[in-house]
There are 2 protein chains.
Amino acid sequence: MGGVTTVNPTSQRGRPGYSRDDVIRAAVRAFNSRGYDATSMGHVAQDLGISKSALYHHITSKEEILEESVAYALSNLEQAFRDVVAADLTPGGTIRQLIYGSVAVLCADAESVTLLLRLRGNSEVELRALSRRRELTRSVIPLIAKAQESGEIRSDISPAVLTRMCFGLVNSLADWYEPDGELGPEQIAQDVVALLFGGLDSRR
Amino acid sequence: MGGVTTVNPTSQRGRPGYSRDDVIRAAVRAFNSRGYDATSMGHVAQDLGISKSALYHHITSKEEILEESVAYALSNLEQAFRDVVAADLTPGGTIRQLIYGSVAVLCADAESVTLLLRLRGNSEVELRALSRRRELTRSVIPLIAKAQESGEIRSDISPAVLTRMCFGLVNSLADWYEPDGELGPEQIAQDVVALLFGGLDSRR
């Protein structure tokens, strides 16, 4: 670290050339790539080409980064859900927009959402985030039930199972969405909604 | 470990009361619950209420368990894929059966498949398994393309994106499927295929 091969010259003098946001972003990327528990602050410092002490200039602990990032992801998801529920949509339209909005939040900040989705509940911080995430998912079930009652979405599968399957598909984007890839967030959201609402079958 | 609170009396004499399969099953469960990197063999021994040396009576390392379990999951998935491709189905029927078969393999051994799906590639063993998994997913893309050409499935989304979305939904079962839950594997496979082929929209 800070050796001759470093890409960031300022770090050679042990002075951070990165903002706090840069550090957090790099850390979250490292957590997602190796897994949170397998990543040390040494790894993060190495990725940035700075010393560990330069890293601790910005943050106090690995867990601080985890807590802040997943709280950010959760707040964005919660806000997106509130916006959709506040809009004057039919019950079916609400589900459509919840899916659309979730994809948008995931694509806008894929790293934080991915970190959230991979939490295992190994600490108080993780457990609190998981419980907030669970609340959010549970809040969709009665909305799906309402859309079934309205006749807009199929009624032959339980609302809880439909909720899990729909958000299972949305969340799986975390495993393959590439922010700099060919498909933009808008296109992906459209494809997800098209498949979930229309199905694979061409005879629909 | 092996103390007065242990639930398995044989372990108090340091003699394993578990078979090798039991040990592997408990280890994989622990890996999935805490994350592989966050789980020590001490955790596994503790979960089983046996000593670490009793554990090493059965296996030589944590990685041995990982390698064996994900190889098992991969072999089952590969076999299921081969069976479907060998069957005399229409291109659309092939996709339907691949999805059905994948759900069946996942439900039959949710722990091993979950372990496979959560690998991050932190070792040679993990990288090899990830590459085998990628091969499997890639093998579906031309089959989806063929089903699109046959007119059986929708053509407005690229085969690669459809493949990822379909298997993203299937794989997300690893996060919520409960082997002892209300829904059996058969019902879940039917619901997944019904949603993926028919869509949410009741007017299909």
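About the thresholds
- Residues numbered from 1 in each chain as written.
- Chains lettered and ligands numbered in written order.
- Predicted model: local features only at pLDDT ≥ 70, side-chain atom pairs only at ≥ 80, totals over all residues.
- Heavy atoms only, no water.
- Helix = DSSP H or I, 4+ residues; strand = E, 2+ residues; numbered from the N terminus.
- Buried < 20%, exposed > 50% of the residue type's maximum accessible area, 1.4 Å probe, protein only.
- Contact = heavy atoms within 4.5 Å.
- Buried area = accessible area lost by both parts, 1.4 Å probe.
- Polar contact = N/O pair within 3.5 Å; in protein donor to acceptor, adjacent residues only side chain to side chain.
- Nonpolar A, V, L, I, M, F, W, Y, C, P; charged D, E, K, R; others polar.
- Domains from an automatic or database assignment.
- Salt bridge = Lys/Arg side-chain N within 4 Å of Asp/Glu carboxyl O.

A. Highlighting the environment of V103 of chain B. Residue and element names in this part refer to chain B. Structurally, V103 can be placed in helix α5 (residues 91-108). Exposure remark for V103: the relative accessible area of 0% places this residue in the buried category. Apart from the residues within four sequence positions on either side, V103 is in contact with V170, L173, P185, I188, A189 and V192.

B. Seen up close, the interface of chain A and chain B. Taken together, the contact between chain A and chain B spans 39 residues of the former and 39 residues of the latter. Carbon and sulfur atoms supply 60% of the area buried between chain A and chain B, which totals about 3,700 Å² over both sides. For the pair chain A and chain B, the interface holds 22 residue pairs in polar contact (both at pLDDT 80 or more). Contributing elements (two or more residues each) for the side of chain A that touches chain B: α1 (20-34), α5 (91-108), α9 (159-172) and α10 (185-198) of chain A. It is α9 of chain A that contributes the most residues to the side of chain A that touches chain B, eight residues altogether. Its residues assigned to classes, the side of chain A that touches chain B comprises 18 nonpolar, ten polar and eleven charged.

C. Layout of the domain arrangement of chain A. All names here are of chain A. Assigned domains of chain A: these are domain 1 (10-60) and domain 2 (63-198). The straight-line distance from the C-alpha centre of domain 1 to that of domain 2 is 29 Å. In this complex, domain 1 contributes twelve residues to the contact, which on the side of domain 2 involves 13 residues. With both sides pooled, the region where domain 1 packs onto domain 2 buries about 1,100 Å², and carbon together with sulfur makes up 54% of that total. For domain 1, the biggest contributors to the area lost against domain 2 are V28, N32 and Y36; these three give 49% of the whole. If you look at where domain 1 meets domain 2, you find two salt bridges. The residue E68 makes a salt bridge to R20 at a minimum N-O spacing of 2.9 Å. Summed over the shared surface of domain 1 and domain 2, the result is eight residue pairs in polar contact (both at pLDDT 80 or more). Broken down by element, the side of domain 1 that touches domain 2 gets its largest block of residues, seven residues, from α1. For the side of domain 1 that touches domain 2, a count of residues per class yields seven nonpolar, two polar and three charged.

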